[in-house]
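# Residue-level structural notes
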Amino acid sequence: MTASTGTPTLPGRLGDPGMTIGTDPRADPRMLAVLREFGLTDHPAPAPLGPAAGRPALLGFADAAEEAFEGLFAALASSWAPVAGVTREVRTVEGDGGPVTLHVHRPDRVDGPLPCLYQVHGGGMVMLATEGPLYRHWRDELAAAGAVVVGVEYRNGGGRLGAHPFPAGLDDCVTGLCWVADHLGELGASHVVVTGDSGGANLSLGLALRAKWDGWVDTIAGVYAQCPYILGDWVDPPAELGSLRECDGYWLDRMLFPLLAEIYDPGAAHADDPTCWPLAARPDDLAGLPPHVVTCNELDPLRDEGLAYHRKLLAAGVLSVGRINPGLCHVGELLFRQAMPEVYAAAVRDVVGFARSVG
């Protein structure tokens, strides 16, 4: 971005502290039209409490945040046409922490084994649900494009499916993934790729690291992580993660992240554990992992931590592709199916195409 005098200026709030996603010239106008309809083009209200507020207050905050996000996602998905040609069923498998529910989506009238996408929903690991309309539609679209898709319902750190701190959610994801790997033939699948967005991307990356530690990483053919939420400490972030300042308040307030982190990992007890916070991974943790794709969005506060993880993968010798979606907010490629159908369709094609390519 360059001022009229020809002097370079910094992007977003780095160059103009008063800039919002609604006034940032990089923002996709189709996205802004939807955000404006919901009153989301200005900075969100500051969080009413901090990480030290105490667990009961934080869990109450998570309940309210979950209700707000689920309401927004349901409103966004309400006008989306149903996806035809997909069969759905629910499986329940037993885990150490109790039953784990798996939502299986298969395309109709497709011959031959298909890639399996093990889909982990977002929500900062503390809220939202696999059965919500946003993720149900996403799995339908992935299945219709030619994949068996299994969405895992894991224990959240807070919200309706909480309160279960780390590693409960990851343990449930492990249980479901191991069941899928053992039942690929029954599912009509040839291999499994793990995918997720935001907090689901954290868990997807953590699954690969956990699988390596426990000796079953060959079970995972690849990982596709969208807009990963993986730093662990957002109160005083590293200077190199400039998007946390540049895009702060662009739909998401940066100070939301430490609240969710405290719910998921109380007292930062696992701050150095990369299966909890993948950006803590060291080269030895990453070496030998399967191929990855890490996608980030230009106007997402979390953009630069995803890029940092991609660079760590490359430095450790892991095959990784990094991508930035211009003009989009956090997980915007999943949110605006109606207003930006070609962006949504491209995301579907990319995830399924990656799954095919690593088979």
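Scroll up to find the structure this text is about.
Residues numbered from 1 in each chain as written. Predicted model: local features only at pLDDT ≥ 70, side-chain atom pairs only at ≥ 80, totals over all residues. Heavy atoms only, no water.

## Things to note about the packing of helix α4 (residues 133–144) against helix α13 (residues 341–357)
For the pair α4 and α13, interaxial distance at closest approach is 9 Å and the crossing angle is 60°. Taken together, the axis directions place α4 and α13 in an arrangement best described as oblique. For α4 against α13, the interelement crossing comes out right-handed. For the pair formed by α4 and α13, the contact residues are H137, W138, E141 and L142 on the first element and Y344, A347, V348, V351 and V352 on the second. Residues belonging to the contact of α4 with α13 are distributed by class as follows: seven nonpolar, one polar and one charged. (Axes fitted to C-alpha atoms, helices over the stretch in contact; angles between N-to-C directions. Helix = DSSP H or I, 4+ residues; strand = E, 2+ residues; numbered from the N terminus. Parallel < 35°, antiparallel > 145°, perpendicular 65-115°, else oblique. Left-handed = near helix turned anticlockwise from the far one by under 90°. Contact = heavy atoms within 4.5 Å. Nonpolar A, V, L, I, M, F, W, Y, C, P; charged D, E, K, R; others polar.)

## Notes on the packing of aromatic side chains
For the coordinates displayed, the defined rule picks out twelve aromatic pairs. Seen in terms of ring centroids, W234 and W277 are 5.6 Å apart; in terms of plane orientation they differ by 80°. Their pairing is edge-to-face. Of this pair, W234 sits in the loop between β6 (220–226) and α8 (243–246) while W277 is found in the loop between α9 (256–264) and α10 (283–286), placing the two residues 43 residues apart along the sequence. The two residues W234 and W277 agree in class, both being buried. (Phe/Tyr/Trp six-rings, centres within 6.5 Å; stacked < 30°, edge-to-face > 60°. Buried < 20%, exposed > 50% of the residue type's maximum accessible area, 1.4 Å probe, protein only.)

## Here we look at the layout of surface pockets
If you add up the space inside the largest pocket, you get close to 440 Å³. Lining the largest pocket are 18 residues, with P44, A45, F69, W251 and L256 positioned closest to its centre. Here the lining of the largest pocket takes five residues from helix α3 (residues 55–77), the largest share from any one element. Along the lines of polarity and charge, the residues of the lining of the largest pocket split into 14 nonpolar, two polar and two charged. (1 Å grid on protein atoms, 1.4 Å probe; cavity = no way out; pocket = protein on both sides within 12 Å on 5 of 7 lines; lining within 4 Å. Points joined across faces, edges and corners; volume = space filled by probe spheres on them.)

## Brief notes about the side chain of T20
Locating T20 in the fold gives a position in the loop between α1 (12–15) and α2 (29–37). Engagement of the side chain of T20 in a polar contact is seen with the backbone oxygen of T41, the distance being 3.2 Å. Contacts of T20, omitting those with residues within four sequence positions, involve T41, D42, H43 and Y250. (Polar contact = N/O pair within 3.5 Å; in protein donor to acceptor, adjacent residues only side chain to side chain.)

## Quick notes on the side chain of E305
When you line up the elements, E305 lands in helix α11 (residues 303–315). For the buried E305, which has no salt bridge, the nearest side chain bearing the opposite charge is R254, at an N-O separation of 8.9 Å. At 3.0 Å, the side chain of E305 forms a polar contact with the side chain of W234. With near-sequence residues (within four places) excluded, E305 lies in contact with P228, Y229, I230, L231, W234, L241, L244 and L279. (Lys, Arg positive; Asp, Glu negative; His and termini not counted. Salt bridge = Lys/Arg side-chain N within 4 Å of Asp/Glu carboxyl O.)

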